[in-house]
Amino acid sequence: MSAVVSLTNVEKSFGAVKVLNGVSFEVARGEVAAVIGQSGSGKSTALRCINALETIEGGQIMVCGHAVHDPKLDKKTLRRDVGIVFQSYNLFPHLTAEQNIMLAPTCVKGIGKAAARDLAREVLARVGLEAKADHFPEQLSGGQQQRVAIARSLAMQPKLMLFDEVTSALDPQLTGEVLKVMEDLARGGMTMILVTHEMAFARKVASKVIYMHQGTVWETGPGAMLDDPKTPELRAFVGSGL
Ligand code: ADP
Ligand code: MG
C-alpha cells in the first residue's frame, strides 16, 4: 500500500466530550486531501492527532510508516517526516525570514550554517519570497509571513504537509497568494492534508475531500462530491457558503 497516512477508527475525547468518534480515512502518496466541516466537528483535532500533538484513546494512526498510536512512538522522528502549518504563523519576530527558516535545519538536523542558508534561499524561492530573505516578520504582510512559515516547514523536507486553516486570518487578496503556494506544492507532488474553508480551492486542488460532521467522516470522495452531496448534512454545509 502506498498510503502515507491512514486513520482507522480513531477515538479522542476531551474530558467527557468525545471529539473523534471512529474516524477513518487514508491519504496516498502525492494525494491532496481537503478536510472540511463545521466549526467543532473535529478537523483540527484529527490533524493534531496525525502529528502526535494529541494522544488518542482508540484506533490506529499510521503516518509515513510510524505507528502514531503506539505509546513507544518516537515523536521526534515522526515530526521530521511531517510539517504542520497553522493559522498563526508564529515566526520569531527578532529573526529575519531566512534566519527563521534556518533555525530547525541547524538546530534539529545539525546542518551547517552555509548549507542551511542555501536551503533557506531555495525554499524562499519556492514560495516566491527570495527577495525578502533579510526582512523581519513585521516588515512582511500576513500573506508573506504565512508563506515564510510554509517555507520554514519545507526546509525540513517533510514527506507530508498538514495545513490547518492557514488562510483564515488573512484578507481575501492575501489568501490568494498563500493558496497559490499550496497549489504549486500540490502540483509538485507533495502529499498534503489541509483543513480549509476555501471550497473553491478544495474542489480544484484536492484529490479527496473529507467532510467531517460531529467527530466522524460523514462523507468522502473526489472534489466533485461538493457539487452533488449524498447526505443532507453536506448539502446544508455546502449551501451555507462556509
Ligand atoms: P474544528 O477544527 O473542526 O473546528 P476542533 O477539532 O478544534 O474542531 O474541536 C472539536 C471539539 O473539541 C470542539 O468541541 C472543541 O471545543 C473541542 N476541543 C478541541 N480542543 C480541545 C481541548 N484542548 N480541550 C478541550 N476541548 C477541546
Ligand atoms: Mg479547527
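Anything mentioned here points back to the structure above.
The model shown is predicted, which means the values in this text are computed figures rather than measured ones.

Draft legend 1. How the structure looks around the site of ligand 1. Lining the immediate surroundings of ligand 1 are Phe14, Val19, Gln38, Ser39, Gly40, Ser41, Gly42, Lys43, Ser44 and Thr45. The side chain of Ser44 places a nitrogen or oxygen atom 2.9 Å from an oxygen atom of ligand 1. Note that an oxygen atom of ligand 1 is positioned 2.5 Å from one of the side-chain N or O atoms of Thr45. Isolated, ligand 1 exposes 560 Å² of accessible area, and the fraction of that covered by the protein chains is 56%. When residues of the shell around ligand 1 are assigned to their parent elements, the largest contribution, 3 residues, is made by helix α1 (residues 43-50). Here the shell around ligand 1 is built from residues that sort into 2 nonpolar, 7 polar and 1 charged.

Draft legend 2. Highlighting the packing of helix α3 (residues 97-107) against helix α5 (residues 142-154). Between α3 and α5, whose axes approach to 8 Å, the crossing angle comes to 30 degrees. In terms of axis orientation, α3 runs roughly parallel to α5. Classified by chirality, the crossing of α5 by α3 is right-handed. Residues Ala97, Asn100 and Ile101 of α3 touch α5, and the partners they reach there are Val148, Ala151 and Arg152. Each residue belonging to the contact of α3 with α5 can be placed in one class, and the counts come to 4 nonpolar, 1 polar and 1 charged.

Draft legend 3. Here's a closer look at the environment of Lys204. Positionally, Lys204 belongs in helix α7 (residues 199-205). Remark: the alpha-carbon pair of Lys204 and Glu183, spanning 21 residues in sequence, is separated by 9.2 Å. Excluding residues that lie within four positions of it along the chain, Lys204 makes contacts with Glu183 and Arg187.

Rules behind the numbers
Here the residue numbers are simple positions, counted from 1 along each chain's written sequence. Chain letters start at A and ligand numbers start at 1, both assigned in the order the entries are written. Residues qualify for local features only when their pLDDT is at least 70, as the model is predicted, and side-chain atom pairs are given and counted only at 80 or more; totals for whole chains, interfaces and linings, by contrast, use all residues. Side-chain metrics in this entry use all non-hydrogen atoms of the structure; hydrogen atoms and water are not considered. To be near a molecule or strand, a residue needs just one of its heavy atoms within 4 Å of it. Residues adjacent in sequence count toward polar contacts only when both atoms are side-chain atoms; beyond that, a polar contact is any pair of N or O atoms within 3.5 Å, and within protein one must be able to donate a hydrogen and the other to accept it. The method behind every accessible area is Shrake-Rupley, applied with a 1.4 Å probe, and residues are considered shielded solely by the protein chains displayed. Each helix is a run of H or I in the DSSP string that is no shorter than four residues. Each strand is a run of E no shorter than two, and both are numbered from the N terminus. Polarity classes work like this: nonpolar for Ala, Val, Leu, Ile, Met, Phe, Trp, Tyr, Cys and Pro, charged for Asp, Glu, Lys and Arg, and polar for all others, with Gly in that last group. Axes here mean lines fitted to C-alpha atoms, for a helix over just the part in contact, with angles spanning 0 to 180 degrees between N-to-C directions. Roughly parallel means an angle under 35 degrees; roughly antiparallel, over 145; roughly perpendicular, 65 to 115; everything else is oblique. Handedness of a helix crossing follows the sense of rotation of the near helix relative to the far helix, less than a right angle counterclockwise being left-handed and clockwise being right-handed. Here a residue-residue contact requires only that any non-hydrogen atoms of the pair lie within 4.5 Å.

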